[in-house]
Amino acid sequence: MQYSWDWFVFFKPSVTGDGPYGLMLLRGLGWTILLSLLAWILAFGIALAAGVARTLPGRLPRFAAATYVHCFRNVPLLVQLFLWYFVVPELLPVSWGNAIKQMNPTTNQFLTVLVGLTLYTAAKAAEQVRAGIDSLPVSQKQAAMALGLGTAAAYRHVILPQALRIVIPPMTSDFLNVFKNSAVALTIGLMELTGQTRQLSEFSAHPFEAFIAATLVYMLITYGVIVLMRQIELRTRVPGLLGSR
Amino acid sequence: MIPKFTNRLAVAVAGLALAATVGAQPLDGTLKKIKETGSITLGTRIASVPFNYLDDNNKQAGFSWEIAQHVVEQVKKDLKLVKLDVKAIELTPQTRIPLVANQTVDLECSSTTNNLERQNQVSFSNTFFVVGARLLVRKNSGIKHWSDLVGKNVVVSAGTTAERILRQLNEQNKWGINIILAKDINENFLTVETGRAVAAMQDDIILYSNIARAKNPADWQVVGIPQHKEAYACMLRKGDAAFKKVVDGVIAGMMKSGEFEKLYNKYYLKPIAVKGGVTINFPMPPDMEELIKNPNDRPL
């Protein structure tokens, strides 16, 4: 291989005149973190609602939640994002579509990715919540009911506290995936970490340095998430339940 | 280790001296690899119309692709090979430089700009095309000049020289343009077609090729004086003077023999097998006429 390595490239001024190349990566990192955290918080809320809905006795909420989960879980994220960005505005009434398209482009791209990433992530996480609830013996719910609790109270005080503890490990994976999946933002022009890495590699002609740096940054982020989730798992342990000694 | 190394060095020096005295060029680099393996690896693109693309019959075609075929013929002749296998590897703008630098690909002829940053990693052949960045707008948009873009949304392909120039122009003139980045040339056109941007900035030839493939070519026009000239050239591994000489020779030879102009007419003025047959209709710019008279490998 004939490749001229230059690790100082991150300190060299960018040809676009926007400061050093390293700053490009930092800006990208900022978008990645903002986007992923917001998407995860929103997705967790939706997942909780959809996951619970899939286990409720009523037919309508079960059907609605199942439809949502199947649609969003089974279509590739890239396709979903393309649909949200290019197709949805064309389906809306013309004045709405134009209003969306004439927004500040960065805000528009950010909101589009946020919606796409949130709904996709939530659909997957909803299945974890449902699996957690289903893993509990039916007798738990029956016992709660026998004690006089209504459905809402049974979920609030008996089912969810156990189910959510059970699904912390698989949820950790979903949380990690949000950060990695957020890279699809670059396909509609939001320059998050991967997007800026590509820019850096194009402008500076140092692709290997750029992608190695991005890899390390992603590893740091995901390792941070793992440590955080592990702490949450340890702190929320209840003696006598799964995972405690 | 040291004596061994000295030995090797001595052999190498003796070898060099021998070669010099005999006056024969020992094969090395790409040509050596081609001779030993009996194959050459070309980098290809699927949608860089009309430089290198898959046509309606799903076959590789294009102006640059044919130049690469001429190089293959020349190499076969020079190395006196009976048979030379051509392997094709599909590239994207992101993968082309790493794959040429790490020697997976021997020759990449598509629509790659020769510039100084890239010359750190790879070498470039003689220039075969000269482009300038311009604007694609709807005819009824009222935009005629660069200065009409003030405060508007303009789309540009991410990581291209066009992006670099647009950012500089925007900064210097305080135009307040919102720059939208598109990931490739098709998405670039989609962005202006769906009205997210009033103008698309790209290399002029790509704009003409987008218009030719548009649903309604009559709706579109290219405006604005060309901003920055760029030279498209074939990319090969760095410092391989012998192979570069072959590629340069082929391009200069085609320019001299008139074959280059024939090829130009075939792809830029006559119908090509894309979307059932479209014509790009891009008369040869003066810079290219100059280039044909005076082939060179200078980045612009």
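Residues numbered from 1 in each chain as written. Chains lettered and ligands numbered in written order. Predicted model: local features only at pLDDT ≥ 70, side-chain atom pairs only at ≥ 80, totals over all residues.

Engineer: Explain the overall build of chain B to me, please; I cannot follow it from the model alone.
Structural biologist: The secondary structure content of chain B amounts to 10 helices and 12 strands. Seen through its principal axes, chain B has C-alpha atoms that stretch 75 × 45 × 35 Å. (Helix = DSSP H or I, 4+ residues; strand = E, 2+ residues; numbered from the N terminus.)

Engineer: I tried to follow the pairing of strand S7 (residues 122–138) of chain B on my own but got confused; where do I start?
Structural biologist: Looking down a regular strand, the side chains alternate between one sheet face and the other. Residue and element names in this part refer to chain B. Taken across its 17 residues, S7 has 15 buried, putting it largely inside the fold. Of the pairings in the sheet, the one linking S7 to strand S10 (residues 199–203) comprises 5 bridges and is antiparallel in character. Residue pairing in the sheet places Leu 136 in a bridge with Ala 200 of S10. The pairing of S7 with strand S11 (residues 220–223) spans 4 bridges and is antiparallel. For Leu 136, the partnering residue across the bridge sits in S11 and is Val 222. (Buried ≥ 20, exposed ≤ 12 C-beta atoms within 10 Å, placed from the backbone. Pairing = 2+ DSSP bridges.)

Engineer: Honestly, the sheet that holds strand S2 (residues 47–48) of chain B in this entry has me stumped. Any pointers?
Structural biologist: Strand pairs in the sheet, formed through backbone hydrogen bonds, run parallel or antiparallel to each other. All names here are of chain B. Reading across from one edge, S2-S3-S4 is the order of the 3 strands in this open sheet, with antiparallel pairing throughout. Since the sheet does not close on itself, it has two edges, and those belong to S2 and strand S4 (60–61), each with one partner. Inspection of the sheet shows strand S3 (residues 52–54) paired to S4 by 2 bridges, in the antiparallel sense. Across the sheet, Leu 54 pairs through a bridge with Gln 60, a residue of S4.

Engineer: Would you explain the interface of chain A and chain B in this entry?
Structural biologist: Interface size, as often reported, equals the accessible area lost upon joining of the parts. With 27 residues of chain A at the interface, the matching set in chain B holds 29 residues. Those elements that place two or more of their residues in the side of chain A that touches chain B are helix H3 (77–91), helix H4 (94–101), helix H9 (193–204) and helix H10 (207–235) of chain A. At 7 residues, H9(A) tops the list of elements feeding residues into the side of chain A that touches chain B. Taken together, the residues of the side of chain A that touches chain B break down into 11 nonpolar, 12 polar and 4 charged. (Contact = placed C-beta atoms within 7 Å. Nonpolar A, V, L, I, M, F, W, Y, C, P; charged D, E, K, R; others polar.)

Engineer: Would you explain H9(A) in this entry?
Structural biologist: Each α-helix turn comprises 3.6 residues. Residues three or four places apart therefore point the same way. Over its 12 residues, H9(A) runs 16 Å from end to end, which matches the ideal 16 Å to within 8%, given 1.5 Å per residue. Within H9(A), 12 of the 12 residues are buried, leaving the element largely enclosed by the surrounding structure. Buried within H9(A) are the following residues: A:Leu193, A:Thr194, A:Gly195, A:Gln196, A:Thr197, A:Arg198, A:Gln199, A:Leu200, A:Ser201, A:Glu202, A:Phe203 and A:Ser204. For H9(A), the elements touching its buried residues are helix H1 (21–53) and H10 of chain A together with helix H5 (161–173) of chain B. Just downstream of H9(A), A:Ala205 is the residue with a positive phi angle, here 60 degrees. (Expected span 1.5 Å × (residues − 1).)

Engineer: Sorry if this is basic, but what is going on with the confidence of the model for chain B here?
Structural biologist: Reading fine detail from the predicted coordinates is not recommended where pLDDT is low. All names here are of chain B. Averaged over all residues, the pLDDT of chain B equals 90, while 92% of them reach at least 70. By mean pLDDT, helix H1 (residues 2–22) is the weakest element of chain B at 51, and strand S6 (residues 107–108) is the strongest at 97. Counting interchain partners and residues more than four positions distant, the pLDDT-below-50 stretch residues 16–23 has 2 contacts. Here the prediction assigns the complex a pTM of 0.84, and the interface score ipTM is 0.82. (pLDDT = per-residue confidence, 0-100.)

Engineer: Can you walk me through the environment of A:Ser182 in this structure?
Structural biologist: Residue and element names in this part refer to chain A. Inspection of the secondary structure puts Ser 182 in the loop between helix H8 (168–181) and H9. Placed 66 residues apart in sequence, Ser 182 and Gly 116 show a C-alpha to C-alpha distance of 9.8 Å. In contact with Ser 182, not counting residues within four places along its chain, are Thr 32, Leu 35, Ser 36, Leu 117 and Glu 192.

Engineer: Honestly, the nonpolar core in this entry has me stumped. Any pointers?
Structural biologist: Where a protein is soluble and globular, its nonpolar side chains tend to be buried together. Counting residues in hydrophobic clusters, the biggest one holds 122 residues, and the most contacted among them are B:Leu107, B:Val154, B:Ala199 and B:Cys234. If one sorts the elements of this core by residue count, helix H5 (residues 105–134) of chain A sits on top with 11 residues. Residue assignment places this core across two domains, with domain 1 (23–130 + 231–293) and domain 2 (131–229) of chain B each supplying three or more. If you look at the next biggest cluster of nonpolar residues, it comprises 10 residues, including A:Tyr21, A:Met24, A:Ala213 and A:Ala214. (Core = buried A, V, L, I, M, F, W, Y, C linked by C-beta atoms within 7 Å. Domains from an automatic or database assignment.)

Engineer: Would you explain the packing of H3(A) against H5(A) in this entry?
Structural biologist: Between two packed helices, both the angle of their axes relative to each other and the distance between the axes serve to describe the pair. Residue and element names in this part refer to chain A. The interhelical angle for the contact between H3 and H5, taken along N-to-C directions, is 140 degrees, at an axis separation of 9 Å. In terms of their interaxial angle, H3 and H5 are classed as oblique. The element H3 and its partner H5 pack so that their crossing is right-handed. Facing Leu 77, Gln 80, Leu 81, Trp 84 and Tyr 85 of H3, the residues of H5 in contact are Thr 112, Val 113, Val 115, Gly 116 and Tyr 120. (Axes fitted to C-alpha atoms, helices over the stretch in contact; angles between N-to-C directions. Parallel < 35°, antiparallel > 145°, perpendicular 65-115°, else oblique. Left-handed = near helix turned anticlockwise from the far one by under 90°.)

Engineer: It is not clear to me how H3(A) should be interpreted in this structure. Could you clarify?
Structural biologist: Residue and element names in this part refer to chain A. Counted at 1.5 Å a residue, the expected span for H3 with its 15 residues is 21 Å, and the 20 Å between its end C-alpha atoms agrees. Within H3, the axis deviates most sharply at Trp 84, by approximately 40 degrees. Those residues of H3 that fall on the buried side of the exposure criterion are Leu 77, Leu 81, Tyr 85 and Pro 89. Turning to H3, the residues buried within the fold contact H4, H5 and H8. (Bend = angle between axes of the 7 residues up to and from the residue.)

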